[in-house]
Amino acid sequence: MVFYFQNIGVDHAGKRIFNNNVLLAENSEQELVIVGRGVGFKQKIGNTVDSSKIEKTYYPQDENWTRMFNEMADTISSDYVEIASHIISTAEKSLGLSFDGYLLIGLADHIQFAVERLQKNLPIKNELLWETKHFYPDEYRIGALAVAFINEQMGVQLPEDEVGFIALKFVEKRAGPNFNEKATNMTQLIESALTLIRHDLLPDIDSSNLNYQRLIVHYKKQESTNKFT
């Protein structure tokens with residue numbers, strides 16, 4: 001089914017209605033995902049959607065994003081897309097940051113997987129929960145709000161481990177100014193430090209080892225607070 005609607009004076013052609021609140025649309029230039037309460041309710045060919053119902057739009061970062069979203073739409077319930085969008089909007093307002101469209105895909109996928117694991121009684125222990133809680137308190141707070149919202153919407157009771165997992169999604173996917181440059185500098189800094197540690201203290205460090213992962217988190221915290229010179 002294809003229908004047309006307008007947003008900010010630009011005509012779009014809806015390509016897919018996921019549910020009452022999530023649409024995949026396109027205009028003359030690109031596809032986009034639109035989220036808003038009732039934005040897809042009873043839509044038919046030729047209908048114009050009230051732009052006041054549009055709460056958030058996600059534009060493709062590249063061709064790969066569109067492909068990934070279409071693949072995700074075939075395997076992930078649109079309810080999780082809607083939940084992920086709500087969490088991202090809450091995080092952006094609270095943190096004063098913006099996040100790229102890949103977070104919508106990754107977060108929706110993670111949430112569905114977490115709920116399915118819980119329903120199958122297959123929880124995953126978050127070994128970095130303490131570090132995340134203490135080193136990234138703002139993101140951890142977002143994770144707590146996210147888990148509370150998921151529990152409310154899906155009628156489940158996710159463990160605190162998921163608070164940490166979701167918090168790290170926002171730590172890893174920040175899209176603020178110069179983020180890529182900072183991430184590159186931080187990676188180089190960590191590698192330099194690990195080289196010194198290997199040379200002076202240890203013959204080798206297993207990257208999957210918990211102590212190694214904790215070391216990475218510690219360095220990230222130091223860099224983010226500008227304690228390195």
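Residues numbered from 1 in each chain as written. Predicted model: local features only at pLDDT ≥ 70, side-chain atom pairs only at ≥ 80, totals over all residues. Heavy atoms only, no water.

Asker: What should I look at first to understand the side chain of N126 in this one?
Answerer: Following the sequence through the fold, N126 ends up in the loop between α3 (102-119) and α4 (129-135). A distance of 3.0 Å separates a polar side-chain atom of N126 from the backbone nitrogen of L128. If near-sequence neighbours (up to four positions away) are discounted, N126 is found in contact with D161, G164 and F165. (Helix = DSSP H or I, 4+ residues; strand = E, 2+ residues; numbered from the N terminus. Polar contact = N/O pair within 3.5 Å; in protein donor to acceptor, adjacent residues only side chain to side chain. Contact = heavy atoms within 4.5 Å.)

Asker: Quick question: what am I supposed to make of helix α1 (residues 63-75) here?
Answerer: Because each turn of an α-helix spans 3.6 residues, side chains separated by three or four positions end up pointing in the same direction. Under the 1.5 Å per step criterion, the end-to-end length of α1 is 19 Å for 13 residues, consistent within 8% with the ideal 18 Å. Along α1, the residues that are buried comprise W65, T66, F69, M72 and A73. With its buried residues spanning 130 degrees around the axis, α1 presents them on a single face. Turned more than 90 degrees away from the buried face of α1, the exposed residues are E63, D74 and T75. (Expected span 1.5 Å × (residues − 1). Buried < 20%, exposed > 50% of the residue type's maximum accessible area, 1.4 Å probe, protein only. Arc of directions from axis to C-beta.)

Asker: Got a minute to help me understand the environment of K56 in this structure?
Answerer: Tracing the backbone through its elements, the reader meets K56 in strand β5 (residues 56-58). Linking K56 and G36, residues 20 residues apart in sequence, is a C-alpha distance of 6.6 Å. Side-chain polar atoms of K56 contact the side chain of E92, separated by 2.8 Å.

Asker: Hey, could you run me through the packing of aromatic side chains in this one?
Answerer: For any two aromatic rings, the description comes down to two numbers: the centre-to-centre distance and the angle of the planes. Enumeration according to the criterion identifies three aromatic pairs in this entry. Each ring, one from W65 and one from F69, has its centre 5.5 Å from the other, and the planes form 15 degrees; the classification is stacked. Residue W65 and its partner F69 are both found in helix α1; the two are separated by four residues, about one turn of the helix. As far as the burial class goes, W65 and F69 line up, both buried. A centroid spacing of 5.1 Å and a plane angle of 80 degrees characterise the contact between F99 and F170, whose relative ring orientation is edge-to-face. Taken together, the positions of F99 in the loop between α2 (78-95) and α3 and F170 in helix α6 (residues 160-172) put the pair 71 residues apart, joining distant regions of the chain. Take F99 and F170: they sit in the same class, and that class is buried. Following the ring pairs from residue to residue traces out a cluster consisting of F18, W65 and F69. (Phe/Tyr/Trp six-rings, centres within 6.5 Å; stacked < 30°, edge-to-face > 60°.)

Asker: Whenever I open this one, α2 confuses me. Can you help?
Answerer: Helix length check: α2 (18 residues) gives 25 Å between terminal C-alpha atoms against 26 Å at 1.5 Å per residue, within 8%. S78, Y80, V81, I83, A84, S85, I87, I88, A91, E92 and L95 are the residues of α2 that are buried. Note on α2: the residue one or two positions beyond its end, G96, has a positive phi of about 70 degrees.

Nothing here speaks to function; it is all geometry.
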